[in-house]
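These are the residues of each chain, in order.
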Amino acid sequence: MAAGEKQTANEKVKPVFCELSANDLEPEVTQIESLCIECGKNGVTRLLLTKIPYYKDVVLMSFECEHCGYQNNEIQSGGKIMERGIKITLQAVTPQDLNRQVVKSDYTSIHIPHLDFEIPAQSQKGEITTVEGIIDRSINALEQDQSRRQEEFPDTAVEIDLFISKLHSLKILDEPFTIIFEDISGNCHVENPKAPVKDTQCNIMYFKRTKKQNQTLGIYLDNEDVLLKPIQEGEYPLEQIEGEVLSFPTNCPDCNSPCETNMKLTNIPHFKEVVIMATFCESCGHRTNEVKSGGGIEPQGVRIEVMITGKEDFSRDLLKSETCDMEIPELELEVGPAVLGGRFTTVEGIIAAMKEQLSSSTALTGDSSDSETVGRMEAFIAQLGEILDGQRKVTLILDDPAGNSYVQSLCEEGPDERLSIAKYDRSYEQNEELGLNDMKVENY
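Residues numbered from 1 in each chain as written. Predicted model: local features only at pLDDT ≥ 70, side-chain atom pairs only at ≥ 80, totals over all residues. Heavy atoms only, no water.

(A) Representation of the packing of aromatic side chains in the model. Counted according to the given criterion, the structure contains two aromatic pairs. Ring geometry for Phe-117 versus Phe-163: centroids 5.4 Å apart, planes at 55°, classification tilted. Of the two residues, Phe-117 is situated in strand β8 (residues 117–119) and Phe-163 in helix α5 (residues 154–171); the sequence distance between them amounts to 46 residues. (Phe/Tyr/Trp six-rings, centres within 6.5 Å; stacked < 30°, edge-to-face > 60°. Helix = DSSP H or I, 4+ residues; strand = E, 2+ residues; numbered from the N terminus.)

Structure below.
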């Protein structure tokens, strides 16, 4: 139900104290009574849990007061706070870039370096908008009190008018400009109109939050001092837990029901120890499998290229860490580290996982799907199917700045002729993303 529609007698209004869950919200609109901040009388808030293509579940909230006509729209993430923050840098070059959908949370700050203009985090509520919509909202906010300023502070009003004209010039793209979105909660998203092909105008970087940023999000560690205490040599010998399956209680990331995560430390021949974690929720059936490095970050990053020519290459063991980018140049496909997470599988398994994830994407089934996007996605999925059927030869590239990814060689010693492994020194930006630039390793 859209904002501005009146409530009918047949519509049920849930009490304000009712408990809401994902099952309550999807796919119907849920209504609750809430106080209007303008007149203090009861209005109606409508909530809808929906999916955004290539992103995640979100809760759309629309408030309307029939007494004074006040309306408000907000958006909140339908999932949990992400493990890392996100920084998205978009180069706006064409009118299509102004029409890109943007999902911003309460913790999203927006910066336009060209104008030295910034919208601080927590100064606005989360919303679904566009790049042009962000500019329009800024213009409207600056114009709001201009008539009063022109009388009381004419010099200031002239400067603001000049700045507003600069914002208008962004909308007509007198010249390309950069807009930067930074969100410590990790719940910000900018649409890729070329998906699933790599977005060459948009750069995404994940970063580790500081202690202060965690506290801003309400994340506190009661035993921080204990966690920061260095582990003494021999205190937790790996040989005592290697091969043993350990279980610990956790909550399902989908329905939040109590469940258990199984963890096992295992050794990959000719590589290193890795931690394999598997979670199964008996309540909703959700399954997750993750792999994390059993050691630390390597001194150098690693770039692995493997030519996929047949079944022999499909059977190679493959470890993709949670910091590894993947690429198939022949399809112009690039997969960021957060998409598939850490996985220990085979070459065939990782391609099948990409195909499965794209096949279940809301871009094919969601309300915002369009025929052009669906056609592009179906053609791309068909190309992945050709690779799995052995009808197409491609190159799979794993680029891991942490150096914790691996592809099995078919030779006993060293890479085979279809496998290339290169070590490289990380850039400052890569070290920043891994949280290494601020890490103190001496005299702590």
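There's plenty left to go through after this.
(B) Main features of the packing of helix α10 (residues 347–359) against helix α12 (residues 371–388). At a minimum axis separation of 10 Å, α10 and α12 run at an interaxial angle of 160°. As the angle between them shows, α10 and α12 are arranged roughly antiparallel. The way α10 lies across α12 gives a crossing that is left-handed. On the side of α10, the interface is formed by Glu-348, Ile-351, Ala-352, Met-354, Lys-355, Leu-358 and Ser-359, while α12 contributes Met-377, Phe-380, Ile-381, Leu-384, Gly-385, Ile-387 and Leu-388. In terms of residue class, the contact of α10 with α12 is built from 10 nonpolar, two polar and two charged. (Axes fitted to C-alpha atoms, helices over the stretch in contact; angles between N-to-C directions. Parallel < 35°, antiparallel > 145°, perpendicular 65-115°, else oblique. Left-handed = near helix turned anticlockwise from the far one by under 90°. Contact = heavy atoms within 4.5 Å. Nonpolar A, V, L, I, M, F, W, Y, C, P; charged D, E, K, R; others polar.)

(C) Looking closely at the nonpolar core. Core analysis: the biggest nonpolar cluster contains 29 residues, and Ile-351, Met-354, Leu-396 and Leu-398 have the highest contact counts within it. Sorting the residues of this core by element identifies β17 (301–308), β19 (325–328), β20 (333–335), α10, α12 and β22 (394–400) as the ones contributing at least two each. No other element matches α10, which puts six residues into this core. Membership of the second largest hydrophobic core comes to 27 residues, among which are Ala-92, Leu-98, Ile-134 and Ile-135. (Core = buried A, V, L, I, M, F, W, Y, C linked by side-chain atoms within 4.5 Å. Buried < 20%, exposed > 50% of the residue type's maximum accessible area, 1.4 Å probe, protein only.)

(D) Just helix α3 (residues 131–143), in detail. Its 13 residues place the ends of α3 19 Å apart at the C-alpha level, agreeing with the 18 Å of an ideal helix rising 1.5 Å per residue. Three or more residues of α3 are buried, namely Val-131, Ile-134, Ile-135, Ser-138 and Ile-139. Buried residues in α3, looked at end-on, bunch into an arc of 135°, giving them a common side. (Expected span 1.5 Å × (residues − 1). Arc of directions from axis to C-beta.)

(E) Representation of the sheet that holds β8 within the structure. With antiparallel pairing, five strands are arranged side by side in an open sheet as β8-β7-β10-β5-β12. At either margin of the open sheet sits one strand with a lone partner, and together these are β8 and β12 (202–207). Averaged over all neighbouring strand pairs, the angle between strand axes comes to 15°, with direction disregarded. Taken strand by strand, α3 contacts β5 (85–92), β7 (108–112), β8 and β10 (177–183), and its axis lies near 90° from that of β10. (Pairing = 2+ DSSP bridges.)

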